[in-house]
Amino acid sequence: MSGTQNNSSARRNRNNVVIGAVLLAFVALVFSITVVKMMGGATMEAYDHTVRPSLEKTE
Amino acid sequence: MADATLIDQGRETDVGDYFALLKPRVMSLVVFTALVGLLVAPVSVNPIIGFASILFVAIGAGASGALNMWWDADIDVIMKRTRGRPVPAGKVTANNAMIFGLWMSMISVLMLGLTANYLAAGLLAFTIFFYAVVYTMWLKRSTPQNIVIGGAAGAFPPMIGWAIATGGISVESVLMFALIFMWTPPHFWALALFMNQDYDAAGVPMLTVTHGKRTTRNHVLVYTILLVPVAMAVAFTSIGGPLYFTTALVLNLMFLKGAYDIWKRDDDAAEADNYLVERKVFRISLYYLFLHFALLLVEATAKTFGLTWAAWPQWI
């Protein structure tokens, strides 16, 4: 590949597309993990600097 | 940004250059052994959680590779094998490799903790630390035993895989660690026997250079003898079985025979046939590790289909 102006912008385009795809894949992955965890019974609530009765362990 | 103008890179950095910083070939070995560790564990893991966890382990291992390339750029440029790496080739600046390595380390450890558990994440963090700091920065340039202790970094992945599934450490995961740990020195020194010129020029203390090839041959034999009981012990744990045992027996005899052959002869004989025996043993060592882990996978698969042999002794 010779480093002409055209090639350089084409490469930059390609790089942007790849990085975009990687970020989108990461978002999709985190979303899938969340879905799996919640279907497995993980709670939607977490510590919120105040007493939350729904988070108390019951017998 | 300013330093970009100071360095004439010839061309711009590609995404592919950053991918190369992650040492994809090392990564494939990490993925394989971590996956085996995860799959042979007695706890089944949701496929998506398992996939994501292994991915984060791979990214973490890659991150340590990027940190290694940042620190070692000065010697990588000397050695023929490593000259084409992104930093010595001028495709990525050393500073950018460091920043990339640090970010990927943090992201992978944090994500593994959130996805699996914090023991697995802690083990991954320790692995990265061990490879990037203990091995790369400290041992590699200071002692010819660098391979021995540095090999621990490569031995952690199956233990991480096991921790992802079980959230714990057990005799099985420690033995899988020990298997890779004990395998690394004879594997690497067999290689060093027939290609050490590069390390010499770069000033990395290799046993072949600092203590000579005679000592290296002795070391190959001793470490192989120490490796055998570890590999055979795995057969008598919950992840072992007759298939693993039989294969391991053959592989260990082959490796032991090879190490003996290496030990028996001297360098004059080796140079006469262009290190034929050493090359052969190196190739055997590759099959050796791959097949041990592949057979653990076979045993696990057999168990899921109910193919177990109740009479098989489980001593450990």
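Residues numbered from 1 in each chain as written. Chains lettered and ligands numbered in written order. Predicted model: local features only at pLDDT ≥ 70, side-chain atom pairs only at ≥ 80, totals over all residues.

Looking at the nonpolar core
Residue and element names in this part refer to chain B. Judged by nonpolar contacts, the single largest core of 92 residues is most densely connected at Val57, Ala66 and Ile160. A per-element tally of this core places helix H9 (residues 171-194) first, with 14 residues. Mapped onto the domain boundaries, this core takes at least three residues apiece from domain 1 (1-169) and domain 2 (170-316). Sequence-distant contacts of Ile160, that is, excluding residues within four places in its chain, are made with Ala34, Gly37, Val57, Ala120, Leu123 and Leu124. (Core = buried A, V, L, I, M, F, W, Y, C linked by C-beta atoms within 7 Å. Buried ≥ 20, exposed ≤ 12 C-beta atoms within 10 Å, placed from the backbone. Helix = DSSP H or I, 4+ residues; strand = E, 2+ residues; numbered from the N terminus. Domains from an automatic or database assignment. Contact = placed C-beta atoms within 7 Å.)

Some remarks on the interface of chain A and chain B
Tallying the contact residues gives 10 residues for chain A and nine residues for chain B. Tallied by class, the residues present in the side of chain A that touches chain B amount to five nonpolar, four polar and one charged. (Nonpolar A, V, L, I, M, F, W, Y, C, P; charged D, E, K, R; others polar.)

Description of the domain arrangement of chain B
Residue and element names in this part refer to chain B. The domain boundaries assigned to chain B delineate domain 1 (1-169) and domain 2 (170-316). Placing a centre on the C-alpha atoms of domain 1 and another on those of domain 2 gives a separation of 23 Å. Each partner contributes residues to the interface: domain 1 has 28 residues there, and domain 2 has 27 residues. Only helix H3 (24-40) and helix H8 (146-166) provide two or more residues apiece to the side of domain 1 that touches domain 2. Broken down by class, the residue content of the side of domain 1 that touches domain 2 amounts to 18 nonpolar, six polar and four charged.

Structural notes on the environment of Val174 of chain B
Within the element layout of this structure, Val174 of chain B appears in helix H9. With 18 residues separating them along the chain, Val174 of chain B and Phe156 of chain B place their C-alpha atoms 9.0 Å apart.

Observations concerning H9 of chain B
All names here are of chain B. Here H9 contains 24 residues, and its C-alpha end-to-end distance of 36 Å stays within 8% of the 34 Å for a straight helix at 1.5 Å per residue. Taking the largest bend as the criterion, H9 deviates by roughly 30°, centred on Thr184, and proline Pro185 comes between one and four positions later. In terms of residue burial, H9 counts as a mostly covered element, since 20 of its 24 residues are buried. (Expected span 1.5 Å × (residues − 1). Bend = angle between axes of the 7 residues up to and from the residue.)

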